[in-house]
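# Close look at the chain arrangement
So you can see what is in the structure, the chains are spelled out below.
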Amino acid sequence: MREIRYREALREALMEEMERDGTVFLMGEEVGHYEGAYKVSQGLLAQFGEQRVIDTPIAEAGFAGIGVGAAMTGLRPIIEFMTWNFSFVAFDQIISNAAKIHQMSGGKLTCPMVFRGPNGAAKQVAAQHSHSVDPFYTNIPGLYVVMPATPRDAKGLLKTSIRNDDPVVFLEGETLYNLKGEVPEEDEDELIPLGVARVAREGDGCTVVAWGRPFHNAMEAAEILAKDGIELEVVDPRTLRPLDTDAIVRSVKKTNRCVVVHEHWPYGGPGAEIVDVVQREAFDYLDAPVERVAAWDVPMPYASNLEELVLPTTERVLEAVRAVSYR
């Protein structure tokens, strides 16, 4: 194992898959000559040329649609949105075309492509650039939705997503790009399966289900609570659609308590789905109601002090766990 940054793990996945399969190409705003808005695609243009690393105009609906057409004809496009907030103008291509073409063609056509880019709030980018879009896309049959929290998962899940024969929405944490973590050696072709959760920390005091940036709040809270004798079991779904409900329910049956932590708004979304699954499939095992720690139900403020109030924090996770533990 070696330690690299989240963005470097993504870059390695892109480079290795483009080397392995000549049908894979990358397209998006500033992915080529500028080497990516977040430098994920650094070096790819020099290695693969302008036919496989394609700079586009600011026209998400246009290049998303080109990607869908390319996927339908046998290529494997990777469409980078400079931020997932900008994908909203490409909703029709993603939702009406990419997600539905396999079913609407009676199984004759596939759409093997990845839509990827930074997701969630950054630092002071205000309401129009701070959406955590996982609730939008997890609501759409026909899409896989992946949200890795660590460099190892980022690389292994992206490689699997590129090889997948159905469209994948790949959500990268905008504030995680500099995060360092262990990944396998370069000659190890680790593929992490879609739809399989990871138990990142074992415990018997309370299950905390968290993904993306809030996963790290959950892990930090686990270290703090261990000193008080509460051992958290932290489950990272990694893939939000399909969701590994078996792993979550199995953990709750073990700990008898559950807290769900996510960055998206509290109304609807995968957070609410997990609560529903737990109360239906593990109700008799619960010793307390399921708690949720989410972003507050408001547009994201610009001011940094207000932004900190809106987003999930380690302190809010601690409060929720202590509440369900009656401590």
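Okay, so let's go over this structure.

## Digging into helix α3 (residues 60–72)
Over its 13 residues, α3 runs 18 Å from end to end, which matches the ideal 18 Å to within 8%, given 1.5 Å per residue. Those residues of α3 that sit buried are E60, F63, A64, G65, G67, V68, A70 and A71. Buried positions along α3 lie against β2 (24–28), β4 (76–80), α4 (91–98) and β5 (114–119). Immediately beyond the C-terminal end of α3, within one or two residues, lies G74, with a positive phi of roughly 110 degrees.

## Re empty space enclosed by the protein
Scanning all chains against the criterion turns up two cavities of 30 Å³ or more. For the largest cavity, the calculated volume is near 50 Å³. What lines the largest cavity is simply N119, G120, A121, S132, M147, G173, E174, T175, G212, R213 and E263. Here the lining of the largest cavity is composed, by residue class, of two nonpolar, six polar and three charged.

## Here we look at the environment of Y326
Note on placement: Y326 falls in the segment after α12 (314–324). Taking the C-alpha atoms as reference points, Y326 and M15, 311 residues apart in sequence, are found 49 Å from one another. Ignoring any residue separated from it by four or fewer positions in sequence, one finds Y326 in contact with R257, D287, A288 and P289. A distance of 3.3 Å separates a polar side-chain atom of Y326 from the backbone oxygen of D287.

Each value, and the rule that gives it
- Note that residues are indexed from 1 along each chain, following the sequence as it is written.
- Totals for whole chains, interfaces and linings use all residues, but because this is a predicted model, local features are given only for residues with pLDDT of at least 70 and pairs of side-chain atoms are given and counted only at 80 or more.
- To get the side-chain values, take all heavy atoms of the structure and skip hydrogens and water.
- To qualify as a helix, a DSSP run of H or I must reach at least 4 residues; to qualify as a strand, a run of E must reach at least 2; elements of each kind are numbered from the N terminus.
- Helix span is expected to be 1.5 Å times the residue number reduced by one.
- Each residue is placed in one exposure class: buried if its accessible area under a 1.4 Å probe, protein chains only, is under 20% of its type's maximum, exposed if it is over 50%, and partly exposed if it falls in between.
- Whether two residues are in contact is decided by their heavy atoms: any pair within 4.5 Å suffices.
- Here a cavity is any set of points on a 1 Å grid over the protein atoms alone where a 1.4 Å probe fits but cannot get out, and a pocket is any open set with protein on both sides within 12 Å along at least 5 of 7 lines; a residue lines the site when it has an atom within 4 Å of a point.
- Grid points are joined across faces, edges and corners, and a volume is the space filled by probe spheres set on the points.
- Note on residue categories: nonpolar means Ala, Val, Leu, Ile, Met, Phe, Trp, Tyr, Cys or Pro, charged means Asp, Glu, Lys or Arg, and polar means any other residue, Gly included.
- Residues adjacent in sequence count toward polar contacts only when both atoms are side-chain atoms; beyond that, a polar contact is any pair of N or O atoms within 3.5 Å, and within protein one must be able to donate a hydrogen and the other to accept it.

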